[in-house]
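# Commentary on secondary and tertiary structure
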Amino acid sequence: MDVSQYLEIFLDETTEHLQNLNTQILELEQDSENMDTINEIFRAAHSLKGMAGTMGYKRMQTLTHDMENVFSEVRNGSIKVKANMIDILFQCLDALEEYTANIREAGDEGTNDNEPLIKMLNDILKEKAGEGSAAGKGEQAKPADESDGRKWLEINLNSTDKMVIGEAQKQGKMVYGATIKVQESCLLKAARAFLVFKAVEELGEIIVSSPSAQDIEDERFDLDFSLILITEASVDKVIAAISNVSEIESVKAEAIDLSVMKLDDESREAEEHKESMHKEAEKSDAGTAVTPAAVQAPQAQTAAPAAKQSAAVKQSGGKPVVNRTVRVDIEKLDVLMNLVSELIIAKNSLVAASEATMVQNGGAAQSGINEQIEYLESVTTNLHESVMKVRMVPIESVVNKFPRMIRDLTKKLDKKMELYMSGEETELDRTVVDEIGDPLMHLLRNSADHGLESAEVRAQRGKPEVGSIWLDAYQDGNNVVIEVRDDGNGIDTESVKRKAIERGQITPEQALNMSEKEIIDLLFLPSFSTAEKVTDVSGRGVGLDVVKSKIEALSGEVEVKSRLGEGSTWIIRLPLTLAIIQALMVEVGGEKYAISLGSIQTIEDVMPEDIKLVQNKEVIHLRGSVIPLIRLDKELDVTSTRKPEENMTVIIVKKGDKTAGFVVDELQGQQEIVIKSMGKYIDNKCRLISGATILGDGEVALILDANALI
Amino acid sequence: MEEIRIASETAQYIVIRLGQEQYGIDIRYIDNIVRMQHITRVPKLAEYLKGVINLRGEVIPIMSLRLKMGLPADEVTKSARIIIVKLEQYGTIGMIVDEVREVVTLDLETQVEKMAYDKDDKNNFIQGVGKYEGGLISLLDLNAVAQEK
């Protein structure tokens, strides 16, 4: 069946489940007895398996199936959670992530069977078999004891198998269970098993085997294996045929009774999933009352039920009710956002038109229209805010993977550290959230690798042995601030200076005059690393410059505060939204430009004689600080409409810790503007301009990039 | 197969005028043709890039075909138009022309002569020459026009 249309949903949900598993397994590591966590893990693994099966990703299904088996035993209490098990489980998650990534990129899960992982999972299960029976619990273990070698009784039948068996019995064929034990001295168990299979297949059909045929082929079984077969021949004949194979120690076979056989969890499940997961089931269904069309319909929705079902399970498990949400394509939201932008432009032009008529009529008889326009204004503002909110997602989705990362780093770097996160619920525009993950990861790795000292050094300095890294997010006005903080070594400015001189990035003379701040800024230069040795984790010198450029591409800023020996703090400041901003409209040489209000400090009236020259550059003295002047008319290649002797209007703009005064001709007031790209062809060709906007009168105004100007 | 071959034998071009010469622009690239309007200058761009306009809420970059092709600067007359073209590689671009004349259908086998030309040649924007009712139409290679050289 064609499942490609569900690929998106599948990928989304798989990612969610994997994230969920990661979080839950981390919790399990802390509290290995927590039933809620175990149940949650089981459900997530289970849903994953169902979805992978539906989409036909066999390898993924196999792996999740084995994981699920382990969880199922954990849930039954027959396996205890151990540290090495957690490691294996994490490796499984990585493997699953790899599958997902492959599917996302190539539409195919790839060819990695991850056999070592599956083997490890099975080993866990085997361990259980011993422990379980000794402890006297563990449902599965019991029959093994009672069945005196009739291990086929343990084989779990799914509904399909059951149906096939039922069908065969109806046709008068015999169904046998058989357990074959190979001699201990046998060297080629798989080959013997193969011969057994061959002998049996001459007589009838093998329905199920335990372990699976694949496992047997790969010699993944102890000494015995079990089969369930359908044949017309008698039991004795079957036993004789099998015994003919050399190096077989014993064969037990008997006709089986369906009612004694157990249906595994999966088969109950399969009742719901069978349309998609078991095509054979579909065939037999079609033979009975169900018409093919009816089968087809539920099939089309299997991707969705997988999710629904997990939600349903959640509820029955006594968990809080799932949020009522709708999954919407981000493109649809973009369209909505564009329409809102258009509406704001239309509203702006209405405001402009009404002001124009007001001037003509001297303000009379206009109040009615004005009121309506004001009402319209408030509605559009609210609408804009609502649409913005729809696009906002908590940064949770990104930061959730970090505890796992820090856990892995703990092992890799052999340093003890703990990550404390707060403000995961802080919301940001979806587009920003998608981009922020990598920079944050770089900063965290940086803190873990360079920031935190080794245990010995920490002990010497009287710090707690376990290093701490904090990730705090919070909203601050129109910005969202994310801080990555550690109680490590801080930045050693002397060593940074030395490195920079070594690399020829600065001269020793320059180094003498550099402020702390300037030195720290050196870290953001491309390919700068102070790590003495290059590790797997960081130190390759890619990182901080990437962090900076990524954040700046999102119109954000990065700032570093550091105290040697006490730790450092990296502060990322991001705008809440990228699409609509408040701006100050100015005129330069008859042209209109917009400057983002966020970066404007004050507006000053400056007399020409107040301008001083420092190093041949124009500056002004303002409340104790010296501020360089930037004449926008010169920067923008136009001629100012003001005469040189007139007073100047200067806009004081602050970006990061840099301040400058922009000289403009006229101020036109504050306005809400919609940022538009200038088109692929000239975007980024002019550094000074960060975008364009359409004004109320339909004209285009350019948005000045204060960063580039300063 | 047969149908596709027949369809590809002819192509429609919009005939425009630049100075004294006639040029043809493949109609498949044309999104729109609009009258001259106020163009917002964008600083620090090449001379032939005149700025941007607002086309129904989209900001579109505008180039002067005359300047790009080394002709004297545009004199804006009533007949001047901006041809909005969409190119895979460069996005949407508006091109100022002196006049839009007509739409012609040319038979690619009998009416069009392909010109073998050097891709690196800075001044070649012509793909071929079309013969139509006694006149010659230079067929523009829009990607070459848009390319920065």
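Each chain has its residues counted from 1, running along the sequence as written. Each chain takes a letter, starting from A, and each ligand takes a number, starting from 1, following the order in which they are written. Only residues with pLDDT of at least 70 get local features here, since the model is predicted, and only at 80 or more are side-chain atom pairs given and counted; chain-wide, interface and lining totals rely on the full set of residues. Derived side-chain values reflect all non-hydrogen atoms in the structure, with water molecules and hydrogen atoms excluded from consideration.

What follows concerns the overall build of chain A. Across its full length, chain A carries 26 helices and 22 strands. Buried means the residue's accessible area, taken with a 1.4 Å probe over protein chains only, is under 20% of the maximum for its type, while exposed means over 50%, and partly exposed covers the values in between. Buried residues in chain A amount to 45% of all 710 residues. We call two residues contacting when some pair of their heavy atoms lies within 4.5 Å. The long-range share in chain A, meaning contacts at least 24 apart out of those at least 6 apart in sequence, stands at 71%. Carbon and sulfur atoms provide 50% of the accessible area of chain A, an area that totals close to 35600 Å². A helix here means a DSSP run of H or I that spans at least four residues, while a strand means a run of E at least two residues long, and both kinds are numbered starting from the N terminus. Areas reported as accessible are Shrake-Rupley estimates using a 1.4 Å probe. Residue values count occlusion only from the protein chains shown.

This paragraph deals with unusual backbone geometry. In the Ramachandran plot, asparagine 616 of chain A falls in the positive-phi region, its phi being about 65 degrees despite a non-glycine side chain. Here asparagine 616 of chain A lies in the loop between β15 (612–614) and β16 (617–622). Of the residues examined, asparagine 616 of chain A reaches a relative accessible area of 71% and is grouped as exposed. The backbone phi angle of glutamate 133 of chain B is positive, close to 45 degrees, even though this residue is not glycine. For glutamate 133 of chain B, a relative accessible area of 70% translates into the label exposed.

We define a salt bridge as a contact between a side-chain nitrogen of Lys or Arg and a carboxyl oxygen of Asp or Glu at a distance within 4 Å. What the rule picks out here adds up to 28 salt bridges over all chains. Note that arginine 404 of chain A is salt-bridged to aspartate 94 of chain A, the shortest N-O span being 3.0 Å. Within this pair, whereas arginine 404 of chain A is found in helix α18 (residues 402–413), its partner aspartate 94 of chain A is found in helix α4 (residues 83–106), the two being separated by 310 residues in sequence. Residue aspartate 94 of chain A is classed as partly exposed on the basis of its relative accessible area, which comes to 33%. For the salt bridge of lysine 86 of chain B with aspartate 31 of chain B, the shortest nitrogen-to-oxygen distance reads 3.8 Å. Taken together, the residues span a long stretch of sequence, with lysine 86 of chain B in strand β6 (residues 81–87) and aspartate 31 of chain B in strand β3 (residues 30–35) at a distance of 55 residues. Owing to a relative accessible area of 40%, aspartate 31 of chain B belongs among the partly exposed residues under this scheme. Look at the salt bridges and you will find they share partners, linking Glu29, Asp87, Asp94, Arg404, Arg407, Asp408 and Lys411 of chain A into a network.

All names here are of chain B. What the five strands build is an open sheet, ordered β3-β6-β7-β5-β4; its pairing is mixed. Only two strands of the sheet have a single partner each, and these edge strands are β3 and β4 (49–55). Between one strand axis and the next, the sheet turns through 30 degrees on average, direction left out of account. Strands are labelled as partners when DSSP assigns at least two bridges between them. As defined by bridge partners, β6 adjoins strand β7 (residues 91–97) across seven bridges and the pair is classed as antiparallel. When the sheet's bridge partners are listed, arginine 81 is paired in β7 with valine 97. An axis is simply a line fitted to the C-alpha atoms; with a helix, the fit covers only the stretch in contact. Between two such axes, the angle follows the N-to-C directions and lies from 0 to 180 degrees.

Residues and elements named next belong to chain A. If you trace the six strands from one edge of the open sheet to the other, you get β14-β18-β19-β17-β16-β15, paired in mixed fashion. Here the strands that pair on one side only, and so sit at the sheet edges, are β14 (600–606) and β15. In this sheet, adjacent strand axes meet at a mean angle of 40 degrees when their direction is disregarded. As paired strands, β14 and strand β18 (residues 648–655) are joined by six bridges and run antiparallel to one another.

Once that is clear, we can look at the pairing of strand β19 (residues 658–664) of chain A. Residues and elements named next belong to chain A. Where burial is concerned, most of β19 is hidden: five out of the seven residues are buried. As paired strands, strand β17 (residues 625–631) and β19 are joined by three bridges and run parallel to one another. The residue of β19 that forms the bridge with arginine 631 is valine 663. Pairing between β18 and β19: seven bridges, direction antiparallel. When the sheet's bridge partners are listed, isoleucine 651 is paired in β19 with phenylalanine 662.

Take the nonpolar core next. To define a nonpolar core, start from buried Ala, Val, Leu, Ile, Met, Phe, Trp, Tyr and Cys residues and group those joined through side-chain atoms within 4.5 Å. In this structure, Phe662 of chain A together with Leu140 of chain B are the most contacted members of the largest nonpolar core, which totals 66 residues. Contacts of leucine 140 of chain B, omitting those with residues within four sequence positions, involve Tyr23, Gly24, Ile25, Leu65, Met69, Phe125, Ile126, Gln127 and Val145 of chain B. Grouped together as the second largest cluster of nonpolar side chains are 47 residues, Met405, Leu522, Leu554 and Val560 of chain A included.

This part is about helix α10 (residues 235–243) of chain A. Residues and elements named next belong to chain A. Within the sequence span of α10, burial applies to Val238, Ala241 and Ile242. When α10 is viewed along its axis, its buried side chains cluster within an angular range of 95 degrees and face the same direction. The exposed residues of α10 that point more than 90 degrees off its buried face are Asp236 and Lys237. Among the structural elements, β1 (174–182), α8 (189–203), β3 (224–231) and β4 (248–255) are those in contact with the buried residues of α10. Arc definition: directions from the helix axis to the C-beta atoms.

All right, on to the packing of helix α3 (residues 58–76) of chain A against α4 of chain A then. All names here are of chain A. The contact between α3 and α4 brings their axes to 10 Å, and the two run at 155 degrees. Classified by the interaxial angle, the pair formed by α3 and α4 is roughly antiparallel. In this structure, α3 crosses over α4, and the sense of that crossing is left-handed. Of α4, the residues touching α3 (which contributes Arg59, Met60, Leu63, Thr64, Met67, Val70, Phe71 and Val74) are Met85, Leu89, Cys92, Leu93, Ala95, Leu96, Tyr99, Thr100 and Ile103. Here the nonpolar group is Ala, Val, Leu, Ile, Met, Phe, Trp, Tyr, Cys and Pro; Asp, Glu, Lys and Arg are the charged ones; every other residue, Gly included, is treated as polar. Within the contact of α3 with α4, the residues separate by chemical class into 14 nonpolar, two polar and one charged. Put simply, angles under 35 degrees are roughly parallel, angles over 145 are roughly antiparallel, angles from 65 to 115 are roughly perpendicular, and the rest are oblique. What makes a crossing left-handed is the near helix being turned counterclockwise from the far one by less than a right angle; a clockwise turn instead makes it right-handed.

Residue and element names in this part refer to chain B. Here chain B averages 84 in pLDDT, while 89% of its residues score no lower than 70. On a range of 0 to 100, pLDDT expresses the predictor's confidence in each residue. The secondary-structure element of chain B with the lowest mean pLDDT is helix α1 (residues 2–7), recorded at 49, while β6 shows the highest, at 94. Listed scores for the predicted complex are pTM 0.50 and ipTM 0.85.

Before going further, it helps to examine the packing of aromatic side chains. Residue and element names in this part refer to chain A. Think of it this way: a Phe, Tyr or Trp ring, Trp meaning its six-membered ring, pairs with another when their centres are within 6.5 Å, and the plane angle makes it stacked under 30 degrees, edge-to-face over 60, tilted otherwise. In the structure shown here, the tally under the stated rule is three aromatic pairs over all chains. With 6.1 Å between their ring centres and 35 degrees between their planes, phenylalanine 197 and phenylalanine 225 make a pair best called tilted. A residue pair is termed long-range when its members are at least 10 positions apart, and phenylalanine 197 in helix α8 and phenylalanine 225 in strand β3 qualify at 28 residues. For the pair formed by phenylalanine 197 and phenylalanine 225, the shared burial category is buried.

Another aspect to go through is the packing of helix α1 (residues 7–30) of chain A against helix α2 (residues 35–55) of chain A. Residue and element names in this part refer to chain A. Orientation of α1 relative to α2, taken along the N-to-C sense of each, is 155 degrees, at an axis distance of 9 Å. With respect to α2, the element α1 is oriented roughly antiparallel. The interaxial crossing formed by α1 with α2 has left-handed handedness. The segment α1 lies against α2, with Leu7, Phe10, Glu13, Thr14, His17, Leu18, Asn20, Leu21, Gln24, Ile25, Glu27 and Leu28 engaging Thr37, Ile38, Glu40, Ile41, Ala44, Ala45, Ser47, Leu48, Met51, Ala52 and Met55. Grouping the constituent residues of the contact of α1 with α2 by class yields 14 nonpolar, six polar and three charged.

What follows covers the interface of chain A and chain B. Contact with chain A, which involves 24 residues of that partner, is made by 27 residues of chain B. Two parts placed together each lose some accessible area under a 1.4 Å probe, and adding up what both lose gives the buried area. For the chain A and chain B pair, buried surface summed over both sides reaches about 2000 Å², with 62% attributable to carbon and sulfur atoms. Contact with chain B buries area across many residues of chain A, yet Tyr681, Ile682 and Val700 of chain A alone supply 33% of it, more than any other trio. Viewed at the interface, chain B and chain A are joined by two salt bridges. Pairing of N or O atoms within 3.5 Å defines a polar contact, subject to two protein rules: one partner must be a possible hydrogen donor and the other a possible acceptor, and residues neighboring in sequence count only if both atoms are side-chain atoms. Counting the contacts that link chain A with chain B gives six residue pairs in polar contact (both at pLDDT 80 or more). For the side of chain A that touches chain B, the elements supplying multiple residues, two or more each, are β13 (591–596), β21 (689–694) and β22 (700–704) of chain A. Ranked by residue count, the leading element in the side of chain A that touches chain B is β21 of chain A, at three residues. In terms of residue class, the side of chain A that touches chain B is made up of 13 nonpolar, three polar and eight charged.

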